[in-house]
Amino acid sequence: MNLKRGPYPNPIGNASYFYIQAGHRETAIDQAIQVIRDDAARAAPAAAAQASLNVVDTTISDWVVETLIQGAWLREYHEWEKATKSYFDIQHERNGSKTKPKWKGKLSGADGAVSHVTRVRIQLELFAASIPDTVLHTIDSNRDAINRAKHDDEYFVTEEDFRALHEAISDFWNDLAKQEEFSAR
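Residues numbered from 1 in each chain as written. Predicted model: local features only at pLDDT ≥ 70, side-chain atom pairs only at ≥ 80, totals over all residues. Heavy atoms only, no water.

### Some points on the confidence of the model for the chain
Next, step 1: The pLDDT averaged across the chain works out to 89; a share of 90% of its residues lies at or above 70.
Next, step 2: Within the chain, the lowest mean pLDDT, 86, falls on strand E2 (residues 181-182), and the highest, 97, falls on helix H5 (residues 159-179). (pLDDT = per-residue confidence, 0-100. Helix = DSSP H or I, 4+ residues; strand = E, 2+ residues; numbered from the N terminus.)

### Comments concerning the pattern of salt bridges
Next, step 1: Counted by the stated rule, this structure contains 13 salt bridges.
Next, step 2: For aspartate 140, the salt bridge goes to arginine 143, with nearest N and O atoms at 2.7 Å. With aspartate 140 and arginine 143 both in helix H4 (residues 133-151) and three residues apart, this pair spans about one turn of that helix.
Next, step 3: A relative accessible area of 14% means that arginine 143 is categorised as buried.
Next, step 4: Look at the salt bridges and you will find they share partners, linking Glu26, Asp30, Arg37, Glu159 and Arg163 into a network. (Salt bridge = Lys/Arg side-chain N within 4 Å of Asp/Glu carboxyl O. Buried < 20%, exposed > 50% of the residue type's maximum accessible area, 1.4 Å probe, protein only.)

### Some details on unusual backbone geometry
Next, step 1: In the Ramachandran plot, alanine 128 falls in the positive-phi region, its phi being about 55° despite a non-glycine side chain.
Next, step 2: For alanine 128, the position within the fold is in the loop between helix H3 (116-126) and H4.
Next, step 3: Given a relative accessible area of 65%, alanine 128 falls into the exposed group.

### Considering the nonpolar core
Next, step 1: Counting residues in hydrophobic clusters, the biggest one holds 37 residues, and the most contacted among them are Trp80, Phe88, Leu124, Ile139, Phe172, Trp173 and Leu176.
Next, step 2: For this core, the secondary-structure elements that each account for two or more residues are helix H1 (15-48), helix H2 (51-94), H3, H4 and H5.
Next, step 3: With nine residues, H2 is the largest single contributor of residues to this core.
Next, step 4: Ignoring sequence-local partners within four residues, the contact set of tryptophan 173 consists of Ala15, Phe18, Tyr19, Trp80, Ala83, Thr84 and Tyr87. (Core = buried A, V, L, I, M, F, W, Y, C linked by side-chain atoms within 4.5 Å. Contact = heavy atoms within 4.5 Å.)

### Remarks on the side chain of serine 170
Next, step 1: In this fold, serine 170 is placed in helix H5.
Next, step 2: For serine 170, a relative accessible area of 11% corresponds to the buried category.
Next, step 3: The residues contacting serine 170, other than those within four sequence positions of it, are Tyr19 and Ala22.

### Quick word on H4
Next, step 1: Here H4 is 19 residues long and its end C-alpha atoms lie 27 Å apart, about the 27 Å a rise of 1.5 Å per residue gives.
Next, step 2: Regarding H4, the residues found buried are Val135, Leu136, Ile139, Asn142, Arg143, Ala145 and Ile146. (Expected span 1.5 Å × (residues − 1).)

### Description of H5
Each full turn of the α-helix corresponds to 3.6 residues, which orients residues three or four apart in the same direction.
Next, step 1: Between its first and last C-alpha, H5 extends 30 Å over 21 residues, near the 30 Å set by a 1.5 Å rise per residue.
Next, step 2: Looking only at H5, the buried set comprises Phe162, Leu165, His166, Ala168, Ile169, Ser170, Phe172, Trp173, Asp175, Leu176 and Ala177.

### With respect to the packing of H4 against H5
Helices that pack against each other are described as a pair by the angle of their axes relative to one another and the distance between those axes.
Next, step 1: At a closest axis distance of 9 Å, the pairing of H4 and H5 adopts a crossing angle of 135°. The angle between H4 and H5 places the two elements in the oblique class. Note on packing geometry: the crossing formed by H4 with H5 is left-handed. Counting all contacts with H4, which are made through Val135, Leu136, Thr138, Ile139 and Asn142, the residues of H5 involved are Asp161, Ala164, Leu165, Ala168, Ile169, Asp171 and Phe172.
Next, step 2: Among the residues forming the contact of H4 with H5, the class breakdown is eight nonpolar, two polar and two charged. (Axes fitted to C-alpha atoms, helices over the stretch in contact; angles between N-to-C directions. Parallel < 35°, antiparallel > 145°, perpendicular 65-115°, else oblique. Left-handed = near helix turned anticlockwise from the far one by under 90°. Nonpolar A, V, L, I, M, F, W, Y, C, P; charged D, E, K, R; others polar.)

### Things to note about a nonpolar patch on the surface
Next, step 1: Among the surface-exposed residues, Ile60, Trp63 and Val64 lie close enough to one another that they form a single nonpolar patch of about 300 Å² accessible area.
Next, step 2: Here valine 64 is to be found in helix H2. (Patch = residues over 30% accessible without salt bridge, like charges linked within 9 Å, V, L, I, M, F, W, Y side chains within 5 Å. Areas by Shrake-Rupley, 256 points an atom, 1.4 Å probe, with all protein chains shown as cover.)

### Examining the packing of H3 against H4
Next, step 1: Interhelical geometry of H3 versus H4 gives an angle of 155° and a closest axis separation of 9 Å. The angle between H3 and H4 falls in the class roughly antiparallel. Along its contact with H3, which presents His116, Val117, Arg121 and Leu124, the element H4 presents Asp133, Leu136, His137, Ile139, Asp140 and Arg143.
Next, step 2: Classifying every residue of the contact of H3 with H4 gives four nonpolar, two polar and four charged.

What follows is the structure in structure tokens.
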């Protein structure tokens, strides 16, 4: 089976569609951070007259950005999960496959739980598609950190961590888009 790009004008299901959606999310986060930082900068002169108020304003601004990044990080990974499920389901349809990927439950021959990244690797192999291992490693290590943050430990992602995950996801979709061939379906 090969990765196939659907016919114009419907972009849904193409890797470039998911790449663009990831870019929109990044733009939204960039704008939100800028609004928060601009607001803090506007308030700084008035707060500077009262040292304690200046510290509070700076702390609140940093906290709001940190909270925004934390949520964006979680969302970015989960949007990638949903998008990969949709993408590979559509790829199976475009290739006329009678079966769909198994996204939940045990896989034959697997001992225990199989991560979503492993399931994506299986699909990539099935479609003879290649993604640099560094991209999948970044996504997978973020998946581990997200699961630890949700279930076990307190973990505060940095803006750089979020940017690294977003870049890996963008690279993932961009690399797949380059490997798609045009199809009539």
